[in-house]
Structure formats: C-alpha cells, structure tokens
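So you can see what is in the structure, the chains are spelled out below.
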Amino acid sequence: TDDSQINLLGGFVARSERLRLILDARYFYSEEDKRVTDRNAYGTMDMNFFMTPRWYWFVAILMQQDTFDDLNLRTAVTSGPGHQFIDKGDFASPYFSQMTLQGDLGVGFLDEDRKIGDDDNYGVYRWSLRWEWEVIPKLTVFHQQQGYPEMGDLSNYILNTLQGIRFDVWEGILVSAQVQYLYDNEPPDDSKKGDTTVFLTLGYLYEN
C-alpha cells in the first residue's frame, strides 16, 4: 500500500487586562493507494471580554467539516457569561500554582450544510471548559470540551473534546500525546456517532 497523511494543529492565546482571544485549529487528511480515507477540519475562536478580573462575556465561533460524515460545514455562533475559576498563581503551593480552569455557558445558533443529507439549523445552548495543569516543570496535562445541545431537543447534542499530555523538550520545542473525541448524538443515516483520533505531535510554543 501507498499511504499518505497530513495532520496540522495550531493554537493561539492572547491576553490583556480586559480581553482574551483563543484560537484553535486542526486539520486531518489521509489517503491510501491514492484514495482519500479521511479528511476533516475543526476550528474555534473564543473572544472573552472581562467585566471583572474573573467574570467575562464570551463570543464564540465553531467551524467543523468532515467529508466522510456528510458534513460540508457546521457553523455555530454562541455568546454568554463565563468565569475564570482558577488562574496561574491562585495557589501558594508550587505543585498547583500553574493550574488554570475556565468555564462558560451561553446560547446561540447552529447551521449544518450537508452534501447528501438535509441541511439543518436551530438554536443551541453551549457549555465550555478549558483546564490546564503544569504538574511539574515542563510537563503539562490538559482537557478541553465544548457541548452544543439543541434548545428544543436536549437529546440532540454535539460534544467536542481534546485531552492530552505535553512535554517541553527544549527551548519551547514540545512533544505531545493527544486524543480528540467528536460526538454527534443524532448523526445522519449511516454515520457513526463518535469519532476518536489519537495523535503524537512535535511542535513549538512561543510565549511573550
């Protein structure tokens, strides 16, 4: 067999006293004997406007594509309040001093454009959690999740998670093991509900 794969992941966080911007993007492509076997993309943008040192108002955009799940493009725009439950330096103990945890709840609108199945759009709720903990210097564990239940039918929901462990090898060069799990509780006919991707990455972290 002749296998080819392209996997790209990126993240960006910028923070001022009143504003925080969080960007995440992932793209996976593979083919076997010149036949495409996987092609999907995922991206989010979160803009957080801090009203107090802990409370913020967010505006978030989700964009998702999956060729083999009949998904041309899924777009969700949501907004609501959020809270920074834990920030770096909250704990005096050096063991917990580098932990962060934020969460938010909101409402918005979701639109699905499909190749074969019926297009759909409806109002959604949205919850989100982002947790990161530098357990020891240069070793970090993390978990992210976003859920989108339909307003009129809570049994119809979408869940996206990313979790893993990251090592700072040398001068910002990172090695990580990550698991992405995407779940659609009511997918189109003949589509699976859950999709798990496990990957190892080599990357670079720039902090200023």
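For the structure itself, look to the data block above.
**Student:** Is there a simple way to explain a nonpolar patch on the surface in this structure?
**Tutor:** Among the surface-exposed residues, F167, V169, W170, I173, V175, L202, Y204 and Y206 lie close enough to one another that they form a single nonpolar patch of about 900 Å² accessible area. Contributions of two or more residues to the nonpolar patch are made by β9 (157-170), β10 (173-184) and β11 (194-204). The element best represented in the nonpolar patch is β9, accounting for 3 residues. Mapped onto the fold, Y206 is located in the segment after β11.

**Student:** Explanation requested: the environment of Q65 in the structure shown.
**Tutor:** Checked against the element boundaries, Q65 lands in strand β4 (residues 55-66). The class for Q65 is buried, based on a relative accessible area of 19%. Distance in space between the C-alpha atoms of Q65 and E112 is 9.6 Å, their sequence separation being 47 residues. With residues up to four places along the chain from it excluded, the contact list for Q65 reads R39, N40, A41, L71 and N72. Side chain to side chain, Q65 and T67 meet in a polar contact 2.8 Å long.

**Student:** Can you walk me through the side chain of S176 in this structure?
**Tutor:** In this fold, S176 is placed in strand β10. Relative accessible area serves as the criterion here: at 4%, S176 is assigned to the buried category. A polar atom in the side chain of S176 sits 2.8 Å from the side chain of Q178. One polar contact links S176 to T201, side chain to side chain, over a distance of 2.3 Å. Once residues within four sequence positions are removed from consideration, S176 is found in contact with I165, R166, F199, L200 and T201.

Rules behind the numbers
Residues numbered from 1 in each chain as written. Predicted model: local features only at pLDDT ≥ 70, side-chain atom pairs only at ≥ 80, totals over all residues. Heavy atoms only, no water. Patch = residues over 30% accessible without salt bridge, like charges linked within 9 Å, V, L, I, M, F, W, Y side chains within 5 Å. Areas by Shrake-Rupley, 256 points an atom, 1.4 Å probe, with all protein chains shown as cover. Salt bridge = Lys/Arg side-chain N within 4 Å of Asp/Glu carboxyl O. Helix = DSSP H or I, 4+ residues; strand = E, 2+ residues; numbered from the N terminus. Buried < 20%, exposed > 50% of the residue type's maximum accessible area, 1.4 Å probe, protein only. Contact = heavy atoms within 4.5 Å. Polar contact = N/O pair within 3.5 Å; in protein donor to acceptor, adjacent residues only side chain to side chain.

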